[in-house]
Each structure stands twice: as structure tokens, then as C-alpha cells.
Amino acid sequence: MNASPFDRHGIEHLSASSLNVWAAQPALWIMERLLGRRTPAGITAARGKAVEHGVHLGLSNPRLSIEECIDGAEREFIRQTALSADPRREEERKKLAGWVRGALAELRQYGTPDGYQEKIEVRLDDVAVPLVGYIDWRFSDHGLIVDLKTTERFPSQIGDAHGRQGAVYASAHGYFGMRFAYAKPAPGKTDPRQVTVYEMSGDDLRRHLAALRAIALSLGRFLAVSNDPRELAGLIVPDFDSFWWSEPAARAAGRDVFGF
Amino acid sequence: MGLNIGGSGIIKPYVKYNAKADKWFVRSPEGGDQEIVRPTFLLDLKNIRTGWLRFREGQAPERVIDPSLDRAAPSPAEDFKRGFVVTAFSPKFFGGAVEFSSASIHLSNAVRELYAAFEEQGAKAENRGKVPVVACAGSEPMKDKYGTNYRPRLEIVKWVDRPGEMADESPVEAADVWKGGAPAASKPAQHVAPPPAKPAAETLAEPLF
């Protein structure tokens, strides 16, 4: 029996974020996922994880004070960034309290979640490997999955990258609604809101699942070109001006892999 | 200048597959259906369109076509089903270029698999710009709650240059394509309020026992 292109490259599963990288910056995907040159998560990702941790402390224990949740978020941030030399580290740390406070004010109204960081898996037609992911929170009482995003500015709608992620989470949960809570560190001068929540429609889900399938099929076709990751890397050119390459470690690894 | 109202009376030539009877039909010159043997034909999968279709006895088919293959139109009504519209071409079996459309789940599944093969084989250098020749090589009975229906076995048997009689264009009219509402990406989303709290379970003043 013929192995799928994913099998031949040792890829047992995909994820929405992995496919988002492939769609946006194929060179980065090749470097990290095929050649194993992963770069440490950046300061923005660390702050997201830290805020999520603090908010989860407050959601899972409604009696925990906001200050205890903020402490938890700061400890997590320090742990995540222990080896980071990013000059924005202290500036981001100072804003954690605002994100946690704002997100908890909104999300505690949803009650106590009955699922957190649970692994989900979905299959897409004709794609040989599953898509896996981890939900933020499930509120089964309300039939909702909620994902928290930390931001400096509210987006005007759920973007494609988040939408694809949400489509995977929601499709793994039958008819659950999928909401994204976008949290800012402080209210704006003209807009007093610190959090805005958007819900995906059924049309959004179908559109994003169709896009994920198309992207996964494109990746499969690309991987079928060669079993040699180096040869595949030679077919793609990175765009180092893109924010995907904003981490200095990623750009250094990219220069090493792509030769310029 | 004629008025753009009323019916034109022109019926496009078609080929159709009856999944209940496992039979293929084309429009006969006198009107009505004329059965044909299992055909081999060119199928313009490059321009295939998907959407919501409704076929009702004695009425013209209704369709709301997706804006693109990766963006489905919203369902117009409960009795519309997902389906496809594509141009097929065979001077021998169909008398030229015809429309092939269906909302049969079994035929749609067969066409979906055929499309995957088309994408895979179409990526090869030797097939670029060419059109697949599809053969109906048989059928499989499919049992479901509606009884036995048939799924045709459609196979790409070779690739040929596009003939002049088969235009490289959409098989549907622009008027059939869903245009309602702007794409989600251009509409600002609205904040959704938290769900109302569930009432807490009533606590008993005294234990029952």
C-alpha cells in the first residue's frame, strides 16, 4: 500500500495553526515542521498563554480573587519567558493584570467551564491525517466553546486564521457555538470596552473547514513532490519582511536554511 | 429590442443520471428524456460549480450557486439539496456539450471523488491545460432509508486537449450565483453578550431523611 505524503514525512497530524503557517509562509512551515528548526514561542504567544492561565484560575474557582489570578498569570509569564532576551518582556508583564481583569469580568458571566485545554480531533475529506487542537474553554450548559485572544486593538471581525481554528474546535463539538473573546489590556479613550466577543456563524464554519481542506490538500501535493525535506526547502523562498519572521531566532534559522 | 421577461422556451441540452434506476438520459430531439448506455465523456471539472439545487416534478430546476468552491451559499430553503453543475461533452453520447447537474447524494459523492482525482492528476505537468475523459465503468448499489439507489463508478481514463466546442467558462449564469450579503470578511462583527445564567438548583431547607 502506498504511504501518504504525510506518512512519508513522519507527519501524524496537522492543526489549524500549522495549516495557517503553510498558507501564509510556506518557508517557515518547511523550516519548523519538516526540518525541525523550531524557534521558541515569541513574547506575544507567551503573554497569551499566561493570561489564559490566569483567567482559567478565576473561571475554575469563582471565589478566587482577581489579584490571585493576576499573580498566577505573572508566574506563568515568568516561567514561559525565563530564557527570553526580548526587550518587550517587562512592558508585556506590566500589562498582564489588565488583560486578566478585563477577560475575567466578561467570562465569569459564562459560569464555570466543564472543559479546558481538551484535545480534539477532526477528519477532513481526502486528507490522510487528522487535524488536532486544544480548546480553551467549553461551557456545556450554554453549548459554547470560548477561545480567548489577547490583543492591543479589537479586530473588526474574526479573521481567517482564528476562524479556521474555531471551525476545527466547533466541528469537534457538534452543534456547539464558537466564540472568540478579544481582550485588551485597558479600555480605550473613546471605547470603554475592554473585551469584545464574536460568535462564528454556520456559514463561517463551513467556509473555514472548506479552506482548511483545500490548504491541507495543497500541502499534501507539495509533500508528494519529494521525500527529501531539503529538496522541498529549495523550492520555496521566505519573505523575511513578514511578521511571521519577526522573531530574531526565526530569521537567523531561516538564513541558515534558505541561504540568504 | 425584446423584453427580458417571461420564459425563453429554450431548454439547455442536458445529460442526467437517475440514481434510483442506474440509468443515464439525455434530452431527446423531440423533448423528454432518452435513455443512453453508460457514457464516456469529457467533463469540465475545472469549471464545476457547487450550490443548492431543487428539482420539483414538472417545474424548472431551481439553483443557488456558491460564490466559489470554498465558500458555500446559505441554504435558501429546507428542500434544497447540495449539488453540482458542470459541462460534459461527447458528440457520440450527448451530441455535443451538455449540462450535467444533480443533487443526488450518491452521484455527488462519486463526483466529489472524481474531483479529488482530477486535482491530483491535473497537477502533473503532462495534464496541465487538458480536460479529463471520464468513463462510467459501472455502478454500486447503495442501501439507505430510501431503499436502494446507485452510485455510478466514474473514472478518469485519459486527458485530452480542450475541444473548440467546449468553452472554458462557467456552466452557470451569473444570475444563479448567490450574491446576498457581503463576504463575512468585510462585515464588522457584533459583540455577543454572555449567555443568561442558568438558575441554580433549588436547595432544600431540610434534608428529606
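Residues numbered from 1 in each chain as written. Chains lettered and ligands numbered in written order. Predicted model: local features only at pLDDT ≥ 70, side-chain atom pairs only at ≥ 80, totals over all residues. Heavy atoms only, no water.

Description of the overall build of chain B
Applicable threshold: Segments assigned H or I by DSSP are reported as helices when at least four residues long, segments assigned E as strands when at least two residues long, and all are numbered from the N terminus. Relative accessibility thresholds used throughout: buried, under 20% of the residue-type maximum; exposed, over 50%; partly exposed, between the two (1.4 Å probe, protein chains only). The contact definition used throughout considers only heavy atoms, calling two residues in contact when any of these lie within 4.5 Å.
Summing up its helical and strand segments, chain B has 1 helix and 10 strands in all. Element order for chain B, N to C, with α for helix and β for strand: β-β-β-β-β-β-β-β-α-β-β. Every one of the 209 residues in chain B was classed for burial, and the buried ones make up 36%. Pairs at least 24 apart in sequence give 60% of the contacts found in chain B among residues at least 6 apart.

Observations regarding the pairing of strand β10 (residues 147–161) of chain B
All names here are of chain B. Convention followed: A pair of strands is treated as paired once DSSP finds two or more bridges between them.
Where strand β9 (residues 130–144) meets β10, 13 bridges bridge the pair, whose relative direction is antiparallel. Across the sheet, D144 pairs through a bridge with G147, a residue of β10. The antiparallel pairing of β9 with β10 creates a hairpin that spans 2 residues between the two strands.

Looking at the nonpolar core
Most often, soluble globular proteins have nonpolar side chains that are buried together. Residues and elements named next belong to chain A. Rule in force here: As used here, the term nonpolar core means buried Ala, Val, Leu, Ile, Met, Phe, Trp, Tyr and Cys residues forming a set that is joined through side-chain atoms within 4.5 Å.
Counting residues in each nonpolar core, the largest one holds 48 residues, and the members touching the most others are L14, W29 and L223. Broken down by secondary-structure element, the contributors of at least two residues to this core are α2 (16–24), α3 (26–34), β2 (119–122), α7 (160–171), β6 (177–183), α8 (202–223), α9 (229–233) and α10 (248–258). No other element matches the 8 residues that α8 contributes to this core. If near-sequence neighbours (up to four positions away) are discounted, W29 is found in contact with I11, S18, V21, W22, L34, L219 and L223.

As for the environment of K95 of chain A
Residue and element names in this part refer to chain A. Applied cut-off: Definition of a polar contact: a pair of N or O atoms within 3.5 Å, with one able to donate and the other able to accept a hydrogen when the atoms are protein atoms, and with sequence-neighbouring residues admitted only if both atoms are side-chain atoms.
With respect to the helices and strands, the residue K95 is situated in helix α6 (residues 89–107). Between the C-alpha atoms of K95 and A186, which are 91 residues apart in sequence, the distance is 8.3 Å. Leave out the neighbours within four places in its chain, and K95 touches E152 and P185. Polar contacts involving the side chain of K95 include one to the side chain of E152, which spans 2.6 Å.

Examining unusual backbone geometry
At D126 of chain A, a residue that is not glycine, the phi angle is positive and equals roughly 70 degrees. Within the element layout of this structure, D126 of chain A appears in the loop between β2 and β3 (131–134). Phi is positive for D22 of chain B, which is not a glycine, with a value near 55 degrees. Positionally, D22 of chain B belongs in the loop between β1 (14–18) and β2 (23–27). Its relative accessible area of 16% is what places D22 of chain B among the buried residues.

Looking at the pattern of salt bridges
For clarity, the cut-off: We define a salt bridge as a side-chain nitrogen of Lys or Arg found within 4 Å of a carboxyl oxygen belonging to Asp or Glu.
Per the counting criterion, the structure on display carries 31 salt bridges over all chains. Across the salt bridge formed by E92 of chain A and R47 of chain A, the nearest N and O atoms sit 3.1 Å from each other. Of this pair, E92 of chain A sits in helix α6 while R47 of chain A is found in helix α4 (residues 43–60), placing the two residues 45 residues apart along the sequence. The exposure class assigned to E92 of chain A is buried, which follows from its relative accessible area of 6%. R153 of chain B is the partner of E155 of chain B in a salt bridge, and the nearest nitrogen-oxygen pair spans 3.9 Å. Judged by its relative accessible area of 34%, E155 of chain B falls in the partly exposed class. Within the structure, one salt-bridge network assembled from shared partners comprises R47, E92, K95 and E152 of chain A.

Quick word on the interface of chain A and chain B
Spelled out, the test is: Here the quantity called buried area is the total loss of accessible area, with a 1.4 Å probe, experienced by two parts when brought into contact, counted for both.
The partner chain B presents 20 residues to the 23 residues of chain A that form the contact. In this assembly, chain A packs against chain B so that about 1900 Å² is buried in total across both faces, 57% of it on carbon and sulfur atoms. Between the two partners, chain A and chain B, sit 1 salt bridge. A salt bridge links D125 of chain A to R112 of chain B; its shortest N-O distance comes to 2.6 Å.

Here we look at the packing of aromatic side chains
Heads up, the condition is: Any two rings among Phe, Tyr and Trp, with Trp reduced to its six-membered ring, count as a pair given centres within 6.5 Å; such a pair is stacked if its planes are under 30 degrees apart, edge-to-face if over 60, and tilted if neither. Ring-over charges, as used throughout, are those where CZ of Arg or NZ of Lys falls within 6 Å of the ring centre and within 35 degrees of the ring normal.
The final tally for this structure, using the stated rule, is 18 aromatic pairs over all chains. With a centroid separation of 5.0 Å and 85 degrees between ring planes, the pair formed by F240 of chain A and W245 of chain A is classed as edge-to-face. A connected cluster of aromatic rings, assembled from ring pairs, spans Y17, W24, F41, F84, F94 and F100 of chain B. Looking at K184 of chain A, its charged tip hangs above the ring of F154 of chain A, at a distance of 4.6 Å from the centre.

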